[in-house]
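Given next are the chains, with one letter for each unit.
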Amino acid sequence: MADDTLRIDRSAKTLRTLALERMREAIMDFHFQPGERLVERPLCDQLGVSRSVVREVLRQLETEGLVQMIPGHGPAVAKPDLGRTDEIYELRALLEGIAAKACATSATDDQIALLDAALAKLLDAWAVGVPAEVMRATASFYEVLFEAADKRIAWEIVTGLNVRINQLRSMTILSQNRREPAIAEMHAIMDAIRSRKPEAAEAAARRHVETAWKIARGALRLGTL
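Residues numbered from 1 in each chain as written. Predicted model: local features only at pLDDT ≥ 70, side-chain atom pairs only at ≥ 80, totals over all residues. Heavy atoms only, no water.

## Some details on the overall build of the protein
This is how it is decided: The helix and strand labels rest on DSSP assignments: H or I over at least four residues marks a helix, E over at least two residues marks a strand, and numbering proceeds from the N terminus. Values of the radius of gyration come from C-alpha atoms, whereas the globule rule sets the reference at 2.2 Å times the count of residues to the power 0.38. Burial status follows relative accessibility: with a 1.4 Å probe on protein chains alone, a residue under 20% of its type maximum counts as buried, one over 50% as exposed, and anything between as partly exposed. It only takes one pair of heavy atoms within 4.5 Å for two residues to be counted as in contact. For every accessible area listed, the method is Shrake-Rupley and the probe measures 1.4 Å; residues are considered covered only by the protein chains on display.
Regarding its fold elements, the protein presents 10 helices and two strands. Against the globule reference of 17 Å for 225 residues, the protein gives a C-alpha radius of gyration of 19 Å, in line with a compact fold. Taken across its 225 residues, the protein has 46% of its residues classed as buried. Excluding contacts between residues fewer than 6 apart, the proportion of contacts in the protein whose partners are at least 24 apart in sequence is 73%. Just so you have it, the protein exposes about 11300 Å², and 53% of that area is on carbon and sulfur atoms.

## Thoughts on the pattern of salt bridges
Worth spelling out the cut-off: Think of a salt bridge as a Lys or Arg side-chain nitrogen and an Asp or Glu carboxyl oxygen that are within 4 Å of each other.
Under the defined criterion, the tally for this structure stands at 17 salt bridges. One salt bridge in this structure joins E56 and R16, with 3.3 Å as the shortest N-O distance. Here R16 lies in helix α1 (residues 15-28) and E56 lies in helix α3 (residues 51-63), a separation of 40 residues in the sequence. Looking at E56, the relative accessible area reads 31%, which means it is partly exposed. Taking the shortest distance from any N to any O, the salt bridge between R179 and E180 comes out at 2.2 Å.

## A closer look at the packing of helix α6 (residues 131-148) against helix α8 (residues 166-174)
For any two helices packed against each other, the geometry is given by the interaxial angle and the distance between the axes. What counts here: Fitted lines through C-alpha atoms give the axes, limited to the stretch in contact for helices. The angle between two N-to-C directions lies from 0 to 180 degrees. Throughout, the term roughly parallel applies to angles under 35 degrees, roughly antiparallel to angles over 145, roughly perpendicular to angles from 65 to 115, and oblique to all others. All residues other than Ala, Val, Leu, Ile, Met, Phe, Trp, Tyr, Cys, Pro, Asp, Glu, Lys and Arg, Gly among them, are scored as polar; the first ten of these are nonpolar and the last four charged.
Contact geometry for α6 and α8: axes closest at 9 Å, N-to-C directions at 110°. With respect to each other, α6 and α8 are oriented roughly perpendicular. Residue-level contacts link P131, V134, M135 and T138 of α6 to N166, R169, S170, I173 and L174 of α8. For the contact of α6 with α8, a count of residues per class yields five nonpolar, three polar and one charged.

## Comments concerning the packing of aromatic side chains
How two aromatic rings sit relative to each other is given by the distance of their centres and the angle of their planes. Using the following cut-off: Between rings of Phe, Tyr and Trp, where Trp is taken as its six-membered ring, a pair exists when centres lie within 6.5 Å; planes separated by under 30 degrees are stacked, by over 60 edge-to-face, and by other angles tilted.
Per the counting criterion, the structure on display carries three aromatic pairs. Relative to Y142, the ring of F141 has its centre 5.3 Å away and its plane inclined at 90°; by these criteria the two rings are edge-to-face. Residue classification places F141 among the buried positions, given a relative accessible area of 0%. With relative accessibility at 4%, the residue Y142 sits in the buried group. Ring centres of F146 and W155 lie 5.3 Å apart, and the angle between their planes is 45°; this geometry places the pair in the tilted category. Each member of the pair, F146 as well as W155, is classed as buried.

## Some points on helix α5 (residues 109-128)
Rule in force here: Any helix carries an expected span of 1.5 Å times its number of residues minus one. The directions considered for the arc are those from the helix axis to the C-beta atoms.
Relative to the 28 Å expected for 20 residues at 1.5 Å per residue, α5 spans 29 Å between its end C-alpha atoms, a close match to the ideal helical length. All of the buried residues in α5 are I112, L115, A118, L119, L122, A125 and W126. Down the axis, α5 shows its buried residues gathered within 125° of arc, on one side only. Opposite the packed face of α5, turned more than 90 degrees from it, sit the exposed residues D109, D110, L114, K121, D124, A127 and V128.

In structure tokens form, the structure reads like this:
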């Protein structure tokens, strides 16, 4: 019997878009493990789409860094690389720190209210504990933050970086005892922004990223990913 856990319903979105979203989430939720081969025929059955759609999805996921082509074996879930991800987290900490500092300096009261609303949704997502939902809510929060900071190009860069480390981000969300510290770190960022303390906001934003990277780095070195 075919595994229907990934099967998608038809809607206004294109099949390719739906299949891409489902596969991206499946990789981030570790339905497929790092290094696992992604065979077209079973994926067609699981997703309920044609082979051409599956091929397009795999090509897109390869550009995002979630899938890699292995000579002689075909596509497989990408394994995170310590050197590459070290640089990505370093850049994230820098850019998110800059944005938080600018936000604390110049955000309007209305923009801070939007940030508070986005944080409330993020806390709801953490309560549920589904990695994909937490990452979506986190992205929404930071999109508002970068917009308030008037750092739109920086946000585009961060978005591109995050796609390449979504497996690691998912893993840190699932790691033991991460929920409460992560929530406290987000509150620290917001408290500094509300208090109009730019340096404190920058430090809090950097600390949040650096703490997540410490967890991810440890998992990579232990070979658990």
